[in-house]
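Now for the letters of each chain:
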Amino acid sequence: MALLPMIFVLVQSLIQYPQPAGDGLDEATHRRMKERQSLLDHEMARLLQELEEQDKGWGAALSGALQQWPFWVVAGVLLLLALWFTCSRRSGEASNNDVHEGEDSVDGWEECMEVKVQESSDASEQRSREKEDHDGGKGESGSDGMEDREKTRYAGNEQGILLVDRIEWPVEDLERGCSVIAELMESLTRVFVDSVSNSPYPVPQEAIGVGSAFEGWSPRDWDGVYRVLVPLNPPPGHTFHLEPNSAGQLAERTFNVCVELVCTCEKEQVEEKPLCFLHHSREELRRKQKRSLLETLCTSSYLDVEKTSRWFCQLVRSSWLQVPQWHSWHVVFQPCRRSCRLELSKGRESLTVEMLFGVCRGDSDIFVSSQPTKATITASTAWAETYAVAEAKFFRHIARQLPCESLHLKCLQLFTCILRDTGFSSSTWKTVVMHVLTTVPLSRWHRRAFARRLWDIMAYLDRCLQLTHLRHFVLGNERLPAEISLPPAMRGVVPPNLFEHLARDPAAHREARQAYGRLRFRLGVLLSSH
């Protein structure tokens, strides 16, 4: 601003400076010129002094600011740290939930999954409420306004309601088949108890229905076989002891069923004193035709699956004519190395039942079964650990708690049958749905929330794919209902990762993500078309 007066003085001096009229000037003119020159010099000196003082003020301010540079450096570093912490908190949840870091990591991952699905569910319902409030405000007072609000209230749910009502599967056929199989197994069990009493063979217990058919749903890849698990108890004078094999992961473990002899000398018996396999001679046992289980169904000291299968099929054959069903059903036995499979037919109706046998792990709902989890199991003494009984009990528990007892089954039916070729197996969908059932409150599983629950399931699967981590549902799950009994050693284990193969194979993970994207699009189209 100080330059303006100086420029004004210079311009004024040029305008008022006397122009020479000739070669010679008088003394008065020279005197006025000197006075004018002196005045301009004085004015110029004053202006230059003001400029110097103003520059010194700006320099002092700038110098004062520069002298405080440590403060600005610390502030900048704190700002960068805050930005880094925010970004790492948003993008580092996957690394904070590494499945190999122990139980604390699994708990954090579980809370993260619950929050994500809960946020998805809450956000969906919040949008519905906002839409209701927004549209309700537009309505007019009176009966017309009330009708508009009621229509708007349920408009967001109509698609899901129409779709859930259109999802149909042969539920009556499943119930009919399960009922027939349950009655048949009950009749056979009563005959088994009489047939194997005082014999060196295992004692069959009440059969347990397992698999999707007894859970109430049927995936597209269901083979139409009703499967039951027949628990086997050791005969008198014997005990079963499970020995885990070293090979195999936690979720795919196999066991050997070691058969051991126990003393029966002090056991009371009304008819006669029993022979003890430990304290009676071989000659006496042979004379009484008393053989142990080690001599009948064992290889070395381990219960043999294939020998047990042949014995059990023969037991069913000999018992068939003693059950009431033999009058109305024709039976055909199908060969099988590790189970007993038979086909029942009556007119146009036919059913196939596969009887698996297993040994219970203590007093729990976990068994080792004759059915292998993988085709690679070739040893006849290997029994695979199965969680089918615990899962079947979970589905029965959920059916008693839900407002709409079949809504979760229709979710499974949609993902495994209607949306065919999703790229994910039926067991994956079953695991995801069971996890969501323990995450979203059961009171929200009603018909009008069908579409929201579908998106909750999709959100859970999406998060699992992002983290390449899907927890085993039974092992290490602290949210199981109290009625499901687990061995104590199973409750504290770290749940195995069922998506470990995706974590090891980037190409497979990328393919799974693409399959999820296609599935999300197809689900959106399906919901919008109903």
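The structure this text deals with has already been given above.
This is a predicted model, so every value here is computed, not measured. (Residues numbered from 1 in each chain as written. Predicted model: local features only at pLDDT ≥ 70, side-chain atom pairs only at ≥ 80, totals over all residues. Heavy atoms only, no water.)

Counting secondary structure elements, the protein contains 17 helices and 12 strands. When the 530 residues of the protein are sorted by exposure, 42% land in the buried category. Pairs at least 24 apart in sequence give 67% of the contacts found in the protein among residues at least 6 apart. (Helix = DSSP H or I, 4+ residues; strand = E, 2+ residues; numbered from the N terminus. Buried < 20%, exposed > 50% of the residue type's maximum accessible area, 1.4 Å probe, protein only. Contact = heavy atoms within 4.5 Å.)

This structure, assessed with the given rule, holds 10 aromatic pairs. Taking the centre distance of 5.8 Å and the plane angle of 80° together, the rings of phenylalanine 424 and tryptophan 429 count as edge-to-face. Here phenylalanine 424 and tryptophan 429 have matching classes, each one buried. Among the aromatic residues, ring-to-ring pairing joins Phe192, Tyr201, Trp311, Phe312 and Phe357 into one connected group. (Phe/Tyr/Trp six-rings, centres within 6.5 Å; stacked < 30°, edge-to-face > 60°.)

Within strand β5 (residues 254-261), six of the eight residues are buried, which leaves it mostly tucked inside the rest of the structure. For strand β4 (residues 238-244) and β5, the ladder comprises seven bridges, and the chain directions are antiparallel. Across the sheet, the residue bridging to histidine 241 is cysteine 258, located in β5. Two elements, β5 and strand β12 (residues 383-386), share two bridges in a ladder whose sense is antiparallel. What sits directly across from threonine 254, in β12, is alanine 384. (Pairing = 2+ DSSP bridges.)

For the rest of this paragraph, the subject is unusual backbone geometry. Even without being a glycine, serine 300 presents a positive backbone phi close to 60°. Looking at where serine 300 falls in the secondary structure, it is placed in the loop between β6 (298-299) and β7 (302-303). Under the relative-accessibility criterion, serine 300 is labelled exposed at 63%. The phi torsion at threonine 468 lies on the positive side, around 45°, for a residue other than glycine. Following the sequence through the fold, threonine 468 ends up in the loop between α14 (450-467) and α15 (488-491). According to the relative accessible area criterion, threonine 468 is buried, its value standing at 15%.

Following both chains from N to C, one finds helix α13 (residues 426-437) and α14 inclined at 110°, their axes separated by 10 Å at the closest point. Comparing their axes, α14 and α13 come out roughly perpendicular. Both α13 and α14 take part in a crossing whose hand is right-handed. Residues Trp429, Val432, Val433, His435 and Val436 of α13 form the contact with α14, whose own contacting residues are Asp456, Ile457, Met458, Tyr460 and Leu461. (Axes fitted to C-alpha atoms, helices over the stretch in contact; angles between N-to-C directions. Parallel < 35°, antiparallel > 145°, perpendicular 65-115°, else oblique. Left-handed = near helix turned anticlockwise from the far one by under 90°.)

What follows is about the pairing of strand β10 (residues 349-360). When you tally the buried positions in β10, you get nine out of 12 residues, the bulk of the element. As paired elements, strand β3 (residues 225-233) and β10 share seven bridges and run parallel to each other. Residue pairing in the sheet places valine 225 in a bridge with threonine 352 of β10. In the sheet, strand β9 (residues 340-346) pairs with β10 via seven bridges, with the strands oriented antiparallel. When the sheet's bridge partners are listed, cysteine 340 is paired in β10 with methionine 355. One ladder, built from three bridges, connects β10 with strand β11 (residues 367-369); its direction is antiparallel. Residue pairing in the sheet places valine 359 in a bridge with valine 368 of β11.

This part is about the state of the cysteines. One pass over the full model with this rule turns up zero disulfides. Between cysteine 313, a cysteine without a disulfide, and cysteine 340, which holds the nearest cysteine sulfur, the sulfur-to-sulfur distance is 3.3 Å. (Disulfide = S-S within 2.5 Å.)

Together, Leu79, Leu80 and Leu83 line one region of the surface with nonpolar side chains, adding up to about 320 Å² of accessible area. Among the structural elements, leucine 83 can be located in helix α3 (residues 69-91). (Patch = residues over 30% accessible without salt bridge, like charges linked within 9 Å, V, L, I, M, F, W, Y side chains within 5 Å. Areas by Shrake-Rupley, 256 points an atom, 1.4 Å probe, with all protein chains shown as cover. Salt bridge = Lys/Arg side-chain N within 4 Å of Asp/Glu carboxyl O.)

Take helix α17 (residues 506-528) next. The terminal C-alpha atoms of α17 lie 33 Å apart, and with 23 residues this matches the ideal 33 Å at 1.5 Å per residue to within 8%. Among all positions in α17, only Ala512, Ala515, Tyr516, Leu519, Leu523, Leu526 and Leu527 are buried. The N-terminus of α17 is capped by aspartate 505, whose side-chain oxygen sits 3.2 Å from the backbone nitrogen of alanine 507. (Expected span 1.5 Å × (residues − 1). Polar contact = N/O pair within 3.5 Å; in protein donor to acceptor, adjacent residues only side chain to side chain.)

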